[in-house]
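Residues per chain are reported as follows:
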Amino acid sequence: DPQQIELITASKRKLRRFIVIDEVVDKLYGSKVREYFEENNVQHKILALPTTEETKSMDLVLNILHEVQNFSLDRRTEPIIAIGGGVCLDIVGLAASLYRRRTPYIRVPTTLLSYVDASVGAKNGVNFRQCKNKLGGYTPPVASFLDRSFIQSIPRRHISNGLGEILKMALMKHKGLFDLLKNHGKYLLDTKFQSCNGFADHGDAALQTTRIAIETMLEELAPNLWEDDLDRLVDFGHLISPELEMRVLPSLMHGEAVNIDMAFMTYVAHARGLLNAEEKEQILQCMRGLELPVWHSGCSWALIQRALRERLKHSGGQPRMPLPTGLGVAEIFNDTSEETLERAYELWVRD
């Protein structure tokens, strides 16, 4: 709001910012963040917290809110800043949405997964009674600041983890993105998504990949920000994975669990005749090339049945199952039989 900006710049009141930063990110970048605010004469409070799936709870949200209250934020002109991975962004988003009913916040993702997924859209939330993101809301940030240089300090497995969510969008919506991942996956892992000179054969694969992933995600989310329509292609990989991820915590990361779900659903699509054998193999080969798991012993037939029953409860009594119908194209199906699912599972186990 230009009027607000004018008021702030004309005001003699010192700028103030409350920052929540993941404790691992704080060790790597905390000194630079503090230096930035000090150089710009901004009064600030930096709260470093352990933000993991195990700590993603209302207790941590309340911890943040106690500190926010002590700092005495102006809820209109002093946005809370979240710097960290997807868990950090989710927790801070929920805390901001609760404080004075809605305090603005800014997302600064520091992992590949949060860069292409958690930074986009309006959702925030925490885990509750061993259920993933059971408590939450829809409060979009006022801004997301995207800086790929953060990604260079994260472990290779975390980059592979983020590639799972990018592959989701490729399989659902964009054959060109699938080809980028298939042809440049190892290069993206090796270079940690940094734009490198002297690799003409790869072009700027990192920029292209992240841009297309975010654009396709926005195409899906923007018209349906509050999920009034439950038919969502972005739910691909998210039918079984919430149950699996929480069941085997902390052995699987989010993107890994999503990929295992996508691998099974690729077999379901093949069993239904939506994908031919070559397309199925191309998808699985791409997953392996991105160093993503395509199977987990914890993903039993009983767990799949339980997860799909849970899905029915929260999707209007329909499975609303997104399935690839080719490479980069997909549809949502409500008529996949138990027999087809079981046959797909048996083939998956055999392979």
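Residues numbered from 1 in each chain as written. Predicted model: local features only at pLDDT ≥ 70, side-chain atom pairs only at ≥ 80, totals over all residues. Heavy atoms only, no water.

The name that an unreviewed UniProt entry assigns to the chain is ARO1 protein, with the source organism given as Rhipidura dahli. As stated in UniProt under Cofactor (unreviewed entry), the record for the chain gives "NAD(+)". (UniProt positions renumbered as here; feature names shortened; annotations may be inferred.)

Caption draft 1: Fine view of the packing of helix H6 (residues 156–173) against helix H7 (residues 175–191). With their axes 8 Å apart at the nearest point, H6 and H7 run at an angle of 170 degrees to one another. On the basis of the axis angle, H6 is roughly antiparallel to H7. Where H6 approaches H7, its residues Arg156, Ile159, Ser160, Leu163, Ile166, Leu167, Met169, Ala170, Leu171 and Lys173 are matched on the opposing element by Lys175, Leu177, Phe178, Leu181, Lys186, Leu189 and Asp190. (Axes fitted to C-alpha atoms, helices over the stretch in contact; angles between N-to-C directions. Helix = DSSP H or I, 4+ residues; strand = E, 2+ residues; numbered from the N terminus. Parallel < 35°, antiparallel > 145°, perpendicular 65-115°, else oblique. Contact = heavy atoms within 4.5 Å.)

Caption draft 2: Quick look at the sheet that holds strand E2 (residues 43–49). Reading across from one edge, E2-E1-E3-E4-E7 is the order of the 5 strands in this open sheet, with parallel pairing throughout. Either end of the sheet is taken by a strand with one partner, and the two such strands are E2 and strand E7 (143–144). Where strand E4 (residues 105–109) meets E7, 2 bridges bridge the pair, whose relative direction is parallel. Along E7, the bridge assignment pairs Arg107 with Ser144. Its contacts with the sheet put helix H2 (residues 23–39) on strand E1 (16–22), E2 and strand E3 (80–84), and the angle it makes with E1 is roughly 160 degrees. (Pairing = 2+ DSSP bridges.)

Caption draft 3: Geometry of the pattern of salt bridges. By the definition in use, this model includes 27 salt bridges. Among the ionic pairs, Glu256 bridges to Arg157, the shortest N-O distance being 2.7 Å. In this pair, Glu256 sits in helix H10 (residues 254–271) while Arg157 sits in helix H6, placing the two residues 99 residues apart along the sequence. The class for Arg157 is partly exposed, based on a relative accessible area of 42%. A salt bridge links Arg311 to Asp235, with the shortest nitrogen-to-oxygen separation between them at 3.3 Å. (Salt bridge = Lys/Arg side-chain N within 4 Å of Asp/Glu carboxyl O. Buried < 20%, exposed > 50% of the residue type's maximum accessible area, 1.4 Å probe, protein only.)

Caption draft 4: Structural view of the pairing of strand E8 (residues 321–326). Counting buried positions along E8 yields 5 of 6 residues, so the element is predominantly enclosed. When E8 meets strand E9 (residues 329–333), the two strands line up antiparallel, connected through 5 bridges. Considered in E9, the bridge of Pro322 is made with Ile332. Between E8 and E9, which pair antiparallel one after the other, the connecting turn spans 2 residues, and Gly328 there sits at a positive phi close to 90 degrees.

Caption draft 5: Looking closely at the packing of H10 against helix H11 (residues 277–289). Two numbers describe how H10 lies on H11: the axes approach to 10 Å, and their chain directions differ by 170 degrees. Considering the angle they form, H10 stands roughly antiparallel to H11. In this structure, H10 contributes Asn259, Met262, Ala263, Thr266, Tyr267 and His270 to the contact, and H11 contributes Ala277, Lys280, Ile283, Leu284 and Met287. When the residues that make up the contact of H10 with H11 are grouped by side-chain class, the tally is 7 nonpolar, 3 polar and 1 charged. (Nonpolar A, V, L, I, M, F, W, Y, C, P; charged D, E, K, R; others polar.)

Caption draft 6: The arrangement of the nonpolar core in detail. One finds Leu167 and Phe264 to be the most contacted residues of the largest nonpolar core, which totals 72 residues. Broken down by element, this core gets its largest block of residues, 11 residues, from H10. Residue-level mapping places this core at the junction of two domains, with at least three residues from each of domain 1 (2–152) and domain 2 (156–224 + 232–350). Not counting chain neighbours up to four residues away, the residues in contact with Phe264 comprise Ile240, Ile304, Leu341, Ala344, Tyr345 and Trp348. Counting residues in hydrophobic clusters, the runner-up holds 25 residues, among them Leu49, Leu65, Leu73 and Val92. (Core = buried A, V, L, I, M, F, W, Y, C linked by side-chain atoms within 4.5 Å. Domains from an automatic or database assignment.)

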